[in-house]
Amino acid sequence: MVDVLYLVPGTALPEEERARRERVANELTVADVVVESVDADGPSSIESCVEDAWAGVGALEKLWAVRDDYDAVVIGCFGDPGLRPARELVDVPVLGPSEATLHTAAQVADRFSWLTILPATVPKSRARAHELGLSDALASVRSVDAPVESISHDSRELVDRMVETGRLAVEEDGAEALIPGCMSLAFMQVHDEVADRLGVPLLDPATVVLEQAATWGRHGIAQSAATYPEPNYGKLDGLLGAPTAEPADD
């Protein structure tokens, strides 16, 4: 059995929607994988670099508290807030949706476009692709103009908007695949419909990152300690919600 933590860095999701996404996450993975969705303290939604940094702190605090309970961790926001420090903090694999999905997009197509939520998130989306070394494969970033807290999983109007925005990316920007740059868009689970209407793949970040997390957890794959060295735990006392101590030697 592989236990995967889906760590949501924010507090906006109503309990009913959080439970729905947890159910969907478990339906997307295979039988020997159990996904548990847990919220961390943070902004109500993440639509700026400021909120991204703020959310990362809460994610680290929660991750430290449950660090021994899971085989793998997924940061439940497409911006991957706190991903790199989280990999320094724990030994189990920690994965981010944008990292996993953008690299997959570059494998299934020469050029892909990112459908982000707002015009204000276009620059940070481009910056994330640059950080991952994928700027040359990024055909464009286009906004579907949907604030996170306005997204409903059953909104037909938003599906149509994703199709029309995606069509512009394909016809005008040369995109050969698309990614929805928000986990609220991902959990609408309309990828097959949009792909059928446009004739190019629309990747599902939830499926991509959860399956990768399960695979890493199952096979003992984790981030390299040479790339993500342990922090100085003596300097972290009180910063993670409880006194810290360096892990005991085996």
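About the thresholds
- Residues numbered from 1 in each chain as written.
- Predicted model: local features only at pLDDT ≥ 70, side-chain atom pairs only at ≥ 80, totals over all residues.
- Heavy atoms only, no water.
- Helix = DSSP H or I, 4+ residues; strand = E, 2+ residues; numbered from the N terminus.
- Buried < 20%, exposed > 50% of the residue type's maximum accessible area, 1.4 Å probe, protein only.
- Contact = heavy atoms within 4.5 Å.
- Expected span 1.5 Å × (residues − 1).
- Core = buried A, V, L, I, M, F, W, Y, C linked by side-chain atoms within 4.5 Å.
- Phe/Tyr/Trp six-rings, centres within 6.5 Å; stacked < 30°, edge-to-face > 60°.
- Lys NZ or Arg CZ within 6 Å of the ring centre and 35° of its normal.
- Polar contact = N/O pair within 3.5 Å; in protein donor to acceptor, adjacent residues only side chain to side chain.
- Pairing = 2+ DSSP bridges.

**Q** How do you make sense of the environment of Ala86 when you look at a structure like this?
**A** Looking at the element boundaries, Ala86 is found in helix H3 (residues 83-89). Residue class for Ala86 comes out buried when judged on its relative accessible area of 1%. With residues near it in sequence (within four places) discarded, Ala86 still touches Leu60, Leu63 and Val94.

**Q** What is the right way to read helix H2 (residues 49-65) from this model?
**A** The α-helix winds at 3.6 residues per turn, so residues separated by three or four positions along the chain end up facing the same way. Compared with the 24 Å implied by 1.5 Å per residue over 17 residues, the 25 Å span of H2 between its first and last C-alpha is a close match. Residues of H2 that are buried include every one of Asp52, Ala55, Gly56, Gly58, Ala59, Leu60, Leu63 and Trp64, and no others.

**Q** Help me understand the nonpolar core in this model?
**A** Counting 37 residues, the largest nonpolar core has Val4, Tyr6, Leu102, Phe112, Ile179 and Leu210 as the members making the most contacts within it. Ignoring any residue separated from it by four or fewer positions in sequence, one finds Leu102 in contact with Phe78, Phe112, Trp114, Ala129, Leu132, Leu134 and Ile179. Residues Leu118, Leu158, Leu178 and Leu185 belong to the second largest nonpolar core, which totals 23 residues.

**Q** Please clarify how the packing of aromatic side chains should be interpreted in this entry.
**A** For any pair of aromatic rings, the description rests on two quantities: the centre-to-centre distance and the angle between the ring planes. Under the defined criterion, the tally for this structure stands at 3 aromatic pairs. Between Tyr6 and Phe187 the ring centres are 5.8 Å apart and the planes differ by 80°, which places this aromatic pair in the edge-to-face class. Of this pair, Tyr6 sits in strand E1 (residues 2-9) while Phe187 sits in the loop between helix H7 (183-186) and helix H8 (191-198); the two residues are 181 residues apart in sequence, bridging distant segments of the chain. Relative to Tyr233, the ring of Trp64 has its centre 5.7 Å away and its plane inclined at 40°; by these criteria the two rings are tilted. Of this pair, Trp64 sits in helix H2 while Tyr233 sits in the segment after helix H9 (205-219); the two residues are 169 residues apart in sequence, bridging distant segments of the chain. Residue placement shows Arg67 over the ring face of Trp64; its charged tip is 3.7 Å from the ring centre.

**Q** When you look at the environment of Thr207 in this model, what are you seeing that I'm missing?
**A** Tracing the backbone through its elements, the reader meets Thr207 in helix H9. Take Thr207: its relative accessible area is 26%, and that puts it in the partly exposed class.

**Q** What is the right way to look at the side chain of Arg87 in this model?
**A** Here Arg87 shows up in helix H3. For Arg87, a relative accessible area of 6% corresponds to the buried category. Polar contacts involving the side chain of Arg87 include one to the side chain of Glu99, which spans 2.7 Å. Within the structure, the side chain of Arg87 is placed 3.0 Å from the side chain of Tyr228, a separation counted as a polar contact.

**Q** I'm lost on the sheet that holds strand E2 (residues 33-40) in this one. Help?
**A** Hydrogen bonding along the main chain pairs the strands of a sheet, whether they run parallel or antiparallel. With parallel pairing, the 4 strands of this open sheet are ordered in space as E2-E1-E3-E4. On the outer flanks of this sheet lie E2 and strand E4 (94-95), each paired with one strand and no other. Where E1 lies against strand E3 (residues 72-75), 4 bridges are found, and the strand directions are parallel. The partner of Leu5 across the bridge, within E3, is Val73.

**Q** Looking at this structure, I do not really get unusual backbone geometry. What am I missing?
**A** What is expected of a backbone is that most residues other than glycine have negative phi and most peptide bonds are trans. One non-glycine residue with positive phi stands out, namely Asp80, at about 55°. Taking the relative accessible area as the measure of exposure, Asp80 reaches 5% and is therefore buried. The phi angle at Asp145 is positive, at roughly 55°, despite the residue not being glycine. The residue Asp145 is located in the loop between strand E6 (138-143) and helix H6 (156-173) in this model.

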